[in-house]
Amino acid sequence: MSSNVITRRGFLVGAGTISAAIAMSADAAIAAERSSTKEGKPASKGSVEQEASSWRIAPADPDDDDVIETYDCDVLVIGLGQAGSCALRAAAEAGARVAAFEAAEEGNRVIMGGGQVGHINSQFLAERGVPKVDVVEFMNDWQVRSNNRSNPGLIMNYAKNCGACFDWLFDQLTDDDKKSMQIRCLTDGMTGPFMKELSGIKSWIGTAMTGDFIEPALDHCLDVAKSEGGRIFWGTKGYKLIQGGDGTVTGVWGKTDDGFVRVNAAQTILATGGYGANEQMRNDLLWEINQLQEPGQTSKAMMDQDGSGICMGVWAGGRVDPCSGTMDGGYWYPTDKPVDLLGATAALWINADGKRYSNEGFGSTELQAMPGVKQPSGDICTVFDSDIETLLAAQPYGHMALDMANTDLASLHATMDAAYAGGENGSAGNTELDSSNNDITDDGASGNDNAAGGIVASMTPPTVYAADDFETLGSYLGYEGESLDTFVKTIEHYNELCAQDKDTDFGKDPSLMIGLTKPPYYGYKGTKQIGALMVTVGGLLIDADGRVLDQKYNAIPGLWAAGNASGGRFGWQYFTSIAGQSLSMAQTMGMVTGKAAAAQK
Ligand SMILES: Cc1cc2nc3c(=O)[nH]c(=O)nc-3n(C[C@H](O)[C@H](O)[C@H](O)COP(=O)(O)OP(=O)(O)OC[C@H]3O[C@@H](n4cnc5c(N)ncnc54)[C@H](O)[C@@H]3O)c2cc1C
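Residues numbered from 1 in each chain as written. Predicted model: local features only at pLDDT ≥ 70, side-chain atom pairs only at ≥ 80, totals over all residues.

### As for the sheet that holds strand β18 (residues 465–467)
Next, step 1: Taken together, the four strands give an open sheet; going across it, the order is β16-β17-β19-β18, and neighbouring strands pair in antiparallel fashion. Only two strands of the sheet have a single neighbouring strand rather than two, namely β16 (348–350) and β18. Across the sheet, the mean angle separating the axes of adjacent strands is 25° when strand polarity is ignored.
Next, step 2: Sheet analysis places β16 next to strand β17 (residues 379–385), joined by three bridges and oriented antiparallel. Bridge pairing in β17 places Trp349 opposite Thr382. (Pairing = 2+ DSSP bridges. Helix = DSSP H or I, 4+ residues; strand = E, 2+ residues; numbered from the N terminus. Axes fitted to C-alpha atoms, helices over the stretch in contact; angles between N-to-C directions.)

Set out below in structure tokens:
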């Protein structure tokens, strides 16, 4: 079975076409639904604002004449991505008669994700020397990150099951395959910490670079389901849930090119991914991001699903998590050069007025970056000195960190050398650097987790400038007059704080207070804006096992959700203690939900 895997690297090449196609299909779907709605009405009474949102309006049921096939099963899974494939296999293994709708035609399934699967306590990690993580410590850290907005029971369920899920999903790999899988930030004979804590926020080692193994693993899930008698309806898009008089979900209509399929199912699992390609939903649900935009800026989806599964859940009375976050695109390093060349390194950040504005080492990437979006319009600069490696080594292990164990720093040093040689033109004059920069920003074999950063930066690597004094560096970075004076004073003052080992301005961890004392000094900049999002990570509110909740927070009988169709997981942003927890959570909660749904049959 062949599919398309969208890695961050592949995304660079195919992003325009694929995301345009997905976005177009979303708009077309909404337009079609609006025009074809015969008796369309809001599924539940919401606020005036909600009722004004047409994605919340259910289409009419298909005419009987348009139904080309009816099929019965115990568990129906809608969407065969990361969560859905796992749900289907788990439900089949638990003895349920399963079926699935997948919008893509057979052979054209797009597997999203760069393959970084961040998890804890698998046999795989243990065999590679990664210590066990205490689930209570892990779960509490998660809740701190989300301000307790994520569902505590759900997160604990995930924490307890993600290791077992990893071993289960990759159980067909040989020992040699497993040994060949890189683990981010892990070095042979590692003596350093496996957990880092900055400003009370923790991060752990536990990201498996599953790369080429993920597609076969997900295909294997479908093969298991089929070998148990499961049926997959390819090229069939979940259209609308079928409900009994008491609201119980009893099946689903799927739409094909030839008409509708009706599947009667005791349990239905929505695993249709996020809604980033649906502009209306982005406008309605990403309200914090939208409120933070400067005039003229809008949120953009670089890649994602069209939210159709979430819409189906809403039409059936489901509730959307009001705290709907995104992977990237929110507070992720908030400039038009979203990659930080230094990963999550807590280098000194200076705003357009020449002022420092935050604790650059607050937790991990997204938390670090939050105050940046509220800085004055213009450039934000990152400034460091020639001794950057000490700070690089102090990074948290989470999303976007530079993988010090697997990244060759020679290209960073080459960029720094070119910056110095380039004077006021910085590294931009050196065309050979484009490829060397890719080593730093690529997510592939280097093991770096720079997401869209890897992509965007590959296209537009930041120009690095270098000088022997702060004033010259500031002028190369574009500061002049008062802001240049402030820039120089800011660095001098920062050095004083570092010398006293206490950041009385913004509370940065003393271990990160390393002054800029070793020339040359370096800097690069980006124009402040909220970047484009990869995927949305909020959706239908669910309970700890994955049941979709109604307007009164009661489970809707027969309806489940997993992966990015579900909410209550990440809070305002995808900010995680281990890189790659979006895939891991989709897979784990897919597996958990599949088993739980099968148990209801
Ligand atoms: C370029 C890129 C790189 C990424 N890298 C990583 C990474 O390394 N690690 C990580 O943790 N996360 C990563 N992510 C995020 C990760 O890919 C997603 O969070 C994850 O795929 C979500 O899984 P899911 O199963 O919920 O949805 P998806 O993987 O999006 O799957 C949804 C499936 O449902 C189908 N579908 C949608 N609507 C319908 C419908 N109405 N009817 C039938 N079928 C439908 C779709 O065709 C698709 O097959 C990355 C994202 C991108 C864009």
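We are not done yet, so read on.
### Some details on the pairing of strand β5 (residues 98–102)
Next, step 1: When you tally the buried positions in β5, you get five out of five residues, the bulk of the element.
Next, step 2: Pairing analysis gives four bridges linking strand β4 (residues 67–78) to β5, with the strands arranged parallel. Bridged to Ile78 within β5 is Phe101.
Next, step 3: Of the strand pairs in this sheet, β5 and strand β11 (residues 231–234) are connected by four bridges, and their pairing is parallel. In the strand pairing of β11, Ala99 is matched with Arg231. (Buried ≥ 20, exposed ≤ 12 C-beta atoms within 10 Å, placed from the backbone.)

### With respect to the environment of Ala208
Next, step 1: Mapped onto the fold, Ala208 is located in strand β10 (residues 207–209).
Next, step 2: On a C-alpha basis, the gap between Ala208 and Phe166 in space is 9.4 Å, while along the polypeptide they are 42 residues apart.
Next, step 3: With sequence-adjacent residues up to four places away left out, Ala208 is seen in contact with Val117, Phe124, Phe166, Met181 and Ile183. (Contact = placed C-beta atoms within 7 Å.)

### Overview of the confidence of the model for the protein chain
Next, step 1: In the predicted model, the protein chain carries a mean pLDDT of 86, and 84% of its residues have values of at least 70.
Next, step 2: This model gives residues 434–459 a pLDDT under 50, and the stretch forms 84 contacts once residues within four places in sequence are excluded. (pLDDT = per-residue confidence, 0-100.)

### Some thoughts on the site of the ligand
Next, step 1: As a matter of local geometry, the ligand sits amid 40 residues, with Gly79, Gly81, Gly114, Gly273 and Gly563 nearest to it.
Next, step 2: Sorting the residues of the shell around the ligand by element identifies α1 (8–36), α3 (82–93), β5, β12 (237–243), α11 (308–315) and α19 (581–599) as the ones contributing at least two each.
Next, step 3: With four residues, α19 is the single largest residue contributor to the shell around the ligand.
Next, step 4: In terms of residue class, the shell around the ligand is made up of 17 nonpolar, 19 polar and four charged. (Near = placed C-beta within 6 Å. Nonpolar A, V, L, I, M, F, W, Y, C, P; charged D, E, K, R; others polar.)

### Brief notes about α3
Next, step 1: Between its first and last C-alpha atoms α3 spans 17 Å; for twelve residues at 1.5 Å apiece the expected length is 16 Å, and the two agree.
Next, step 2: By the criterion of burial, α3 is predominantly enclosed, with eleven of the twelve residues buried.
Next, step 3: Buried residues of α3: Gln82, Ala83, Gly84, Ser85, Cys86, Ala87, Leu88, Arg89, Ala90, Ala91 and Ala92, and no others.
Next, step 4: On its buried side, α3 packs onto β4, β5, α6 (152–169), α8 (214–227), β14 (259–270) and α19.
Next, step 5: Looking one or two residues past α3, Gly95 carries a phi angle of roughly 95°, positive in sign. (Expected span 1.5 Å × (residues − 1).)

### With respect to the environment of Leu292
Next, step 1: Looking at where Leu292 falls in the secondary structure, it is placed in helix α10 (residues 287–292).
Next, step 2: Overall, the presence of 17 C-beta atoms within 10 Å leaves Leu292 in the partly exposed class.
Next, step 3: Sequence spacing of Leu292 and Val373 is 81 residues, and the spatial spacing of their C-alpha atoms is 7.5 Å.
Next, step 4: Leave out the neighbours within four places in its chain, and Leu292 touches Val373 and Ile530.

### Side note on the packing of α3 against α19
Next, step 1: Following both chains from N to C, one finds α3 and α19 inclined at 30°, their axes separated by 7 Å at the closest point. In terms of axis orientation, α3 runs roughly parallel to α19. Relative to α19, α3 is oriented so that their crossing is right-handed. When α3 is examined against α19, the residues Gln82, Ala83, Gly84, Cys86, Ala87, Leu88, Arg89, Ala90 and Ala91 are found in contact with a partner set consisting of Leu583, Ala586, Gln587, Met589, Gly590, Met591, Thr593, Gly594, Lys595, Ala597 and Ala598.
Next, step 2: Among the residues making up the contact of α3 with α19, the classes are represented as twelve nonpolar, six polar and two charged. (Parallel < 35°, antiparallel > 145°, perpendicular 65-115°, else oblique. Left-handed = near helix turned anticlockwise from the far one by under 90°.)

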